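Analysis of the macromolecular model
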2 protein chains.
Amino acid sequence: MDANEAARQRGRPERISREVILATALEIIDRDGIDGLSIRRLGQALGRDPMALYRYAPNKAALLDGVAEVVLDQLNVDIPNGDWTDQLRTIAHSFRNLAHAHPHVVPLLVTRPLATPLALRPLGTLRPLEGILALLTRAGFSPPDALHIYRSFLGFLNGHILNELQELVDNPDESDALLRLGLHRLPIREFPLLRSLAPVLAGYDGATELDRGLDILIAGLQTRLPHPTSQASGHSHRGRPAVCVSDGGGFMGWGSAPRSTW
Amino acid sequence: MDANEAARQRGRPERISREVILATALEIIDRDGIDGLSIRRLGQALGRDPMALYRYAPNKAALLDGVAEVVLDQLNVDIPNGDWTDQLRTIAHSFRNLAHAHPHVVPLLVTRPLATPLALRPLGTLRPLEGILALLTRAGFSPPDALHIYRSFLGFLNGHILNELQELVDNPDESDALLRLGLHRLPIREFPLLRSLAPVLAGYDGATELDRGLDILIAGLQTRLPHPTSQASGHSHRGRPAVCVSDGGGFMGWGSAPRSTW
DNA sequence: AGTGTAGGTCTACAGTGAAGACCTACACTA
DNA sequence: TAGTGTAGGTCTTCACTGTAGACCTACACT
């Protein structure tokens, strides 16, 4: 980009790029939430006239799509080792981490693609899909099966993330479970179970919860599908029981939650 | 409400109610999408000064929450017959139908609760939760287990709905699969699998796809949990194999999709 | 008869996304 | 080297948004 360099050295006010725009847009959203992002504020943050941004995105909507894409691009789907179940687990947790790194973007991530039909979506959005399909077919599944698995998997994943974010209370310092969740506001007759579950709800840990969901999902997959011969991925340990629980402390050393009955 | 009646008979311009407001708001959203709803337009649709609405909702956000609540209230969670798996399936499909009846509300449904912590949410939003917990404990699960199942179940459900809505192409009359999905825009080297799956993608049917996901999920649940003794629900047919596929035509007689390998 | 108040209206304000005209500095061609 | 097309940037402007605040008004109740 010597053109860019040259432009900067002379009078021009330092060229701007789509990437920079999207990056600062992401910053603003991370800081102030989605409603905190307006074209004018973005322009201000960039030291540019707001209208300048329209050279890089036709819409504000397109801009938001861009932000979603940027975030989704950070999801690495090529996991080198482990069998397909491990790989799915790893992907799931990276996705979770991503969501936690940019919680305000999650609604975007989950909702925005609604607007455009699959094949018209930006390539970045489709890459994870292709990647997971590759992963699964490499493991021995047929492409159509891989597609179905992908759908169930990512559906569950999206759902879990949304659920988990809903569980995040805004006042996490509040100690007493009942008070903290404000469950005492609920009438006891109508919500006996929910109220009785206050301690469990209070001790919610997203990572282990995700692992449990994955246990269920993967167990389901293994009962319903002929075990694929995973020759591509180095050491395939198929002897592993389908019911293996995520070992102890969860994925990346998060504190372990109060263990429930199963 | 004789006060209301009286007021109407005399000079007052026919009392308005929260329900009517939310109902017409829902109408507008169904017709014009979420961005189509503004306070002013809502006021106009109701024949009222826009500012009048603020007597019934403190915010526009609260109003949207109200709409989400109204829709969610239509979800019936008390299914009289069948064992717990059947009941879950039925609930899943009613939810799906609901989502299809109000596709524009789905982002709201899935996203809005993020704002408020669980226990501060309006009761209507929590009722399905309590209902499903009841269902599962009635079937013999412990309340904490029921909670976990609920989370996986609803997570998956939300995810599926989002996925499915994403799959809805705006140009459904287009016949040729590849063209219809515009997959030919994708570079072949990068997206071989995705492109090869064009026909499968074209033949997408949400209902059977949902059933397949449910198959997986329920199979997973059944392998991971001690079979509960469902004494409460009339005839418990536990002999049913875990791998039962939804029989043929899907839930409510939607056309069956091209059957894949499993 | 008098008053408090729920419900309704009007005006106004700060802020929004964006269309359209314009300007300007560079790249490139003749 | 002069000339020009154009990508990039700026300014003005418009229609529209959510909602604060003052006000008004008709009813319910004391």
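Residues numbered from 1 in each chain as written. Chains lettered and ligands numbered in written order. Predicted model: local features only at pLDDT ≥ 70, side-chain atom pairs only at ≥ 80, totals over all residues. Heavy atoms only, no water.

**Observations concerning the relation of the copies chain B and chain A**
Aligned on chain A, chain B shows an RMSD of 0.0 Å; the corresponding rotation is 180° and the shift along the axis is 0.0 Å. In the structure described here, the two chain copies are related by an operation that fits a two-fold rotation axis. When the interface residues of chain B are mapped onto chain A, 100% of them again lie at the interface, so the same face is used by both copies. (Least-squares fit on C-alpha atoms with pLDDT ≥ 70 in both. Contact = heavy atoms within 4.5 Å.)

**Description of helix α7 (residues 123–138) of chain B**
Under the 1.5 Å per step criterion, the end-to-end length of α7 of chain B is 22 Å for 16 residues, consistent within 8% with the ideal 22 Å. Within α7 of chain B the residues assigned to the buried category are Gly124, Thr125, Leu126, Pro128, Leu129, Glu130, Gly131, Ile132, Leu133, Leu135 and Leu136 of chain B. In the core, the buried residues of α7 of chain B are packed alongside α10 (192–196) of chain A together with α4 (60–73), α5 (84–101) and α8 (143–167) of chain B. Two residues or fewer past α7 of chain B, glycine 140 of chain B is found with a positive phi of approximately 120°. (Helix = DSSP H or I, 4+ residues; strand = E, 2+ residues; numbered from the N terminus. Expected span 1.5 Å × (residues − 1). Buried < 20%, exposed > 50% of the residue type's maximum accessible area, 1.4 Å probe, protein only.)

**Let's talk about the side chain of histidine 160 of chain B**
Looking at where histidine 160 of chain B falls in the secondary structure, it is placed in helix α8. Here histidine 160 of chain B falls in the buried class, since its relative accessible area comes to 5%. In contact with histidine 160 of chain B, other than residues within four places in its own chain, are Gly155 of chain A together with Arg96, Tyr204, Gly206, Glu209 and Leu210 of chain B.

**Here's the deal with the protein's contact with DNA strand D**
Close to DNA strand D lie 20 residues; Met51 and Arg55 of chain A together with Arg40, Met51 and Tyr54 of chain B are nearest. Here, DNA strand D places atoms within 4 Å of the protein, and 49% of those atoms are sugar or phosphate. Here aspartate 49 of chain A contributes a backbone N or O atom positioned 3.1 Å from a phosphate oxygen of DNA strand D. A distance of 3.1 Å separates a phosphate oxygen of DNA strand D from a polar atom in the side chain of serine 38 of chain B. Among the residues making up the surface near DNA strand D, the classes are represented as eight nonpolar, three polar and nine charged. (Near = heavy atom within 4 Å. Polar contact = N/O pair within 3.5 Å; in protein donor to acceptor, adjacent residues only side chain to side chain. Nonpolar A, V, L, I, M, F, W, Y, C, P; charged D, E, K, R; others polar.)

**What about helix α4 (residues 60–73) of chain A?**
With 14 residues, α4 of chain A should cover 20 Å at 1.5 Å per step; its first-to-last C-alpha distance of 20 Å lies within 8% of that length. When α4 of chain A is considered as a whole, its buried residues turn out to be Leu63, Leu64, Gly66, Val67, Ala68, Glu69, Val71 and Leu72 of chain A.

**Here's the deal with empty space enclosed by the protein**
In the structure shown here, the tally under the stated rule is six cavities of 30 Å³ or more. Gln166 of chain A together with Leu72, Pro113, Arg121 and Thr125 of chain B are the residues nearest the centre of the largest cavity, which is lined by 28 residues in total. Looking at the lining of the largest cavity, the elements that each hand over two or more residues are α8 (143–167) of chain A together with α4, α6 (106–111), α7 and α8 of chain B. Of the residues in the lining of the largest cavity, the class split is 17 nonpolar, five polar and six charged. For the second largest cavity, the calculated volume is near 330 Å³. Taken together, 22 residues line the second largest cavity, and the ones lying closest to its centre are Arg121, Tyr150 and Leu154 of chain A together with Asn163 and Gln166 of chain B. Those elements giving two or more residues to the lining of the second largest cavity turn out to be α6 (106–111), α7 (123–138) and α8 of chain A together with α8 of chain B. Broken down by element, the residue count for the lining of the second largest cavity peaks at six residues, all from α8 of chain A. Within the lining of the second largest cavity, the residues separate by chemical class into 15 nonpolar, four polar and three charged. (1 Å grid on protein atoms, 1.4 Å probe; cavity = no way out; pocket = protein on both sides within 12 Å on 5 of 7 lines; lining within 4 Å. Points joined across faces, edges and corners; volume = space filled by probe spheres on them.)

**Some points on the protein's contact with DNA strand C**
Around DNA strand C sit 22 residues, and of these Arg40, Met51, Tyr54 and Lys60 of chain A together with Arg55 of chain B come closest. One of the side-chain nitrogen or oxygen atoms of arginine 40 of chain A is found 3.1 Å away from a base oxygen of DNA strand C. Contact between DNA strand C and aspartate 49 of chain B: a phosphate oxygen at 3.3 Å from a main-chain N or O atom of the residue. A per-element tally of the surface near DNA strand C places helix α3 (residues 39–46) of chain A first, with three residues.

**Overview of the interface of chain B and chain A**
At the junction of the two partners, chain B supplies 71 residues and chain A supplies 71 residues. Close ionic contact of arginine 127 of chain A with glutamate 190 of chain B constitutes a salt bridge, the shortest N to O distance being 3.0 Å. Applying the counting rule to chain B against chain A returns 14 residue pairs in polar contact (both at pLDDT 80 or more). Those elements giving two or more residues to the side of chain B that touches chain A turn out to be α6, α7, α8, α10 (192–196), α11 (198–202) and α12 (206–224) of chain B. Among the elements that make up the side of chain B that touches chain A, the one with the highest residue count is α8 of chain B (18 residues). (Salt bridge = Lys/Arg side-chain N within 4 Å of Asp/Glu carboxyl O.)

**Focus: the pattern of salt bridges**
Overall, the coordinates contain 18 salt bridges over all chains when judged by the stated rule. Put simply, aspartate 32 of chain A and arginine 31 of chain A hold a salt bridge, and the shortest N to O gap is 3.2 Å. For arginine 31 of chain A, a relative accessible area of 54% corresponds to the exposed category. Put simply, aspartate 215 of chain B and arginine 89 of chain B hold a salt bridge, and the shortest N to O gap is 2.6 Å. With aspartate 215 of chain B in helix α12 and arginine 89 of chain B in helix α5, this pair connects stretches of sequence that are 126 residues apart. With respect to class, aspartate 215 of chain B is no different from arginine 89 of chain B; both count as buried. The network of salt bridges with common partners includes Arg31, Asp32 and Arg41 of chain A.

**Considerations on the confidence of the model for chain A**
Residue and element names in this part refer to chain A. Per-residue pLDDT for chain A averages 79, and the proportion of residues at 70 or more is 74%. The low-confidence segment residues 1–11, where pLDDT is below 50, has three contacts with residues more than four positions distant or belonging to other chains. With pLDDT under 50 throughout, residues 228–262 is counted as low confidence; its partners more than four residues away or in other chains account for 60 contacts. (pLDDT = per-residue confidence, 0-100.)

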